[in-house]
Amino acid sequence: MKTNKRLLAALGMALTLGSTSAWAQEKPHVFTGARIIPIAGKPIENGVLVVQHGKITAVGTAGQVKVPKGATEFDMKGKVLMPGLVDTHSHLGEGSGGDASAPLHPDVRIIDGINPISDSFKRALAGGITTVNVMPGSGHLMSGQTVYLKMREGNTISDLTFCDDVTTGICGGMKMANGTNPMKATPFPGTRAKSAAMARQLFLDAQQYQAKVKAAKGKADKLPEYKANLAPLVEILEGKRIVHFHTHRYDDVLTALRLQKEFGFKMVLHHVSEAWKAADEIAKAGIPASIITLDSPGGKSEAVEVRNSNGAVLEKAGVLTAFHTDDGITDSRLFMRSAALGVRAGMSREKALEALTIAGAKMLDLDNRVGSLEKGKDADFIVLSGEPFSVYTTIEQTWVEGKKRFDISNPEDKKFATGGYNTYQTDVHYHTH
């Protein structure tokens, strides 16, 4: 019996030590000596970050923060720590949305088309991204429901989502688009005016459906037949689901703002290539803008006048501004560079850092959990070799909820940061920007 007990004890110890993820959650981790950029306040020299059970329990200077007994300590002297990056618009996971049967697919969920073990997520981790809004494509006026994902380790989509129930919960926003992408042959609209008319009619139908549901007052025999294509729009009308609106040209931006005002829904403008023309109108409407930086502007007529100064112009106008990758239009590994180019074109360093973190978190209604290093928030952070916007700086580590998900010193991780032949086994998703 004693021998059996010893064997069981030894086996239990081995399992505990072997299961680093569970062990890491129980034991506090302390990161000392780094320059910490919390986003929520001024940079902290010789900072200390304490995490446990996937949450931040303390952050401050070496003299302020008490190191818990028995904690695992990490010497980060010479490094920079900042929040994990929030990508408000991506196509990771090899997902696909609606088909060519109709221009509006509000019932389509990208969550049903994502490969949760796609190695494209490793590319995002190599770029310091810890939260991402995965979209259907932009070839429809309404291409379906997006999903907000956390870059945790997992085998199912439920392991990655913020929502508790992927079947009945609201796990993301709604993707809409205007301009050239959804203008195709019948039954798609052939003009910009028709595009707006078709989107407007769907919202009017949703309002009528909403009114019938309210009139039933919960009585089963009075409720209208459930409409899977209208129910998500009712969630939009009730402010429970955010519209993420793909738009480029000045007149298309104004049309998106007009539709938002007419139906009063929460909205984030995406891409906004001609934001430098429409900044005052966007600011007056109080709508945030998620913008993109392109290495080679053009590719389509409506994006010809995109400018790296969009961030600076929007900042001056007082618009909440974030950057996104639209991966694979911009590689997730190079996300930090987007904000750096924004600074080069006149954006302030402070707002550019916010545009990679807390601004995007606010656009996804996730700022109570991610986007800054504050006590009580998720322990999502990255370790940099130097200042964020230096061309010489490398993202060395990416931590998600207190677990190390990327380490450039690990050859298996490093290959996803550097790329190369046969690194990515799955196809990269490309679509019309």
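Up top you'll find the structure we're talking about.
Residues numbered from 1 in each chain as written. Predicted model: local features only at pLDDT ≥ 70, side-chain atom pairs only at ≥ 80, totals over all residues. Heavy atoms only, no water.

(A) View of the overall build of the chain. Scanning the chain from terminus to terminus reveals 12 helices and 17 strands. Whereas a compact globule of 433 residues would reach a radius of gyration of roughly 22 Å, the chain reaches 23 Å, a difference of no more than 12%. Principal-axis analysis of the C-alpha atoms gives the chain an extent of 75 × 60 × 45 Å. Counting the 433 residues in the chain, one finds 53% classified as buried. (Helix = DSSP H or I, 4+ residues; strand = E, 2+ residues; numbered from the N terminus. Rg over C-alpha atoms; globule rule 2.2 N^0.38 Å. Buried < 20%, exposed > 50% of the residue type's maximum accessible area, 1.4 Å probe, protein only.)

(B) Quick peek at the packing of helix α9 (residues 335–344) against helix α10 (residues 349–356). For the pair α9 and α10, interaxial distance at closest approach is 9 Å and the crossing angle is 155 degrees. Accordingly, the angle class assigned to the pair α9 and α10 is roughly antiparallel. Relative to α10, the crossing made by α9 is right-handed. Together, F335, M336, A339 and V343 of α9 and R349, A352 and L356 of α10 make up the contact between the two elements. Of the residues assigned to the contact of α9 with α10, the class counts are six nonpolar, no polar and one charged. (Axes fitted to C-alpha atoms, helices over the stretch in contact; angles between N-to-C directions. Parallel < 35°, antiparallel > 145°, perpendicular 65-115°, else oblique. Left-handed = near helix turned anticlockwise from the far one by under 90°. Contact = heavy atoms within 4.5 Å. Nonpolar A, V, L, I, M, F, W, Y, C, P; charged D, E, K, R; others polar.)

(C) Representation of the sheet that holds strand β9 (residues 147–150) in the model. Pairing in this open sheet of three strands is mixed, and the strands run β6-β7-β9 from one edge to the other. The sheet terminates laterally at β6 (85–90) and β9, the two strands that pair on one side only. Mean inter-strand twist for the sheet, computed between neighbouring axes without regard to direction, equals 20 degrees. The sheet contact formed by β6 and strand β7 (residues 129–134) spans four bridges and is parallel. Within the sheet, the bridge partner assigned to L85 lies in β7 and is I129. (Pairing = 2+ DSSP bridges.)

(D) Molecular detail of the packing of aromatic side chains. According to the stated counting rule, one finds seven aromatic pairs in the structure shown. Ring geometry for F74 and W399: centres 5.6 Å apart, planes at 75 degrees, overall edge-to-face. Separated by 325 residues along the polypeptide, F74 in strand β4 (residues 72–75) and W399 in strand β16 (residues 395–400) bring together distant segments of the chain. When its relative accessible area of 3% is taken as the criterion, W399 is described as buried. Members of the aromatic cluster, connected to one another through ring pairs, are F31, F74, F381 and W399. Note that K184 overlies the ring of F188, its terminal NZ or CZ placed 4.9 Å from the centroid. Seen from the ring of W276, R307 lies directly overhead, with NZ or CZ sitting 3.5 Å from the centre. (Phe/Tyr/Trp six-rings, centres within 6.5 Å; stacked < 30°, edge-to-face > 60°. Lys NZ or Arg CZ within 6 Å of the ring centre and 35° of its normal.)

(E) Structural detail: the nonpolar core. Membership of the largest hydrophobic core comes to 90 residues, with the highest contact counts inside it found for L149, F203, M267, L269, I282 and M336. For this core, the element with the highest residue contribution is helix α4 (residues 192–216), accounting for six residues. Residue contacts for I282: discarding those within four places in its chain leaves V253, L257, L269, V272, I287, L314 and V319. Membership of the second largest hydrophobic core comes to 14 residues, among which are A34, M76, F381 and W399. (Core = buried A, V, L, I, M, F, W, Y, C linked by side-chain atoms within 4.5 Å.)

(F) Just the sheet that holds strand β13 (residues 289–291), in detail. In spatial order, the strands read β8-β10-β11-β12-β13-β14; together these six strands make up an open sheet with mixed pairing. Pairing within the sheet leaves two strands with one partner each, and these edge strands are β8 (142–145) and β14 (321–323). Here the average twist between neighbouring strands, direction ignored, is 25 degrees. One ladder, built from three bridges, connects β8 with strand β10 (residues 174–177); its direction is antiparallel. Each bridged residue has a counterpart across the sheet, and for G144 the counterpart in β10 is K175.

(G) Broad picture of the packing of α4 against helix α6 (residues 250–263). Here α4 crosses α6 at 15 degrees, and the two axes come no closer than 11 Å. The pairing of α4 with α6 is recorded here as roughly parallel in orientation. α4 and α6 meet at a crossing whose hand is right-handed. Of the residues in α6, those in contact with R192, A196, A199, R200, F203, L204 and Q207 of α4 are D251, D252, T255, L259, E262 and F263.

(H) Just the pattern of salt bridges, in detail. According to the stated counting rule, one finds 29 salt bridges in the structure shown. The residue R123 makes a salt bridge to D331 at a minimum N-O spacing of 3.6 Å. One end of the pair, R123, is in helix α3 (residues 120–126); the other, D331, is in the loop between β14 and α9, with 208 residues separating them in the sequence. For R123, a relative accessible area of 5% translates into the label buried. Between D378 and K150 there is a salt bridge, with its nearest N and O atoms 2.7 Å apart. Note that D378 is positioned in the loop between α11 (358–363) and β15 (381–384) and K150 in strand β9, a separation of 228 residues in sequence. With respect to class, D378 is no different from K150; both count as buried. Through salt bridges with shared partners, a single ionic network connects K55, K150, R152, R369, D378, D380 and E401. (Salt bridge = Lys/Arg side-chain N within 4 Å of Asp/Glu carboxyl O.)

Note that every value here comes from positions in space, so none of it alone points to a role or purpose.
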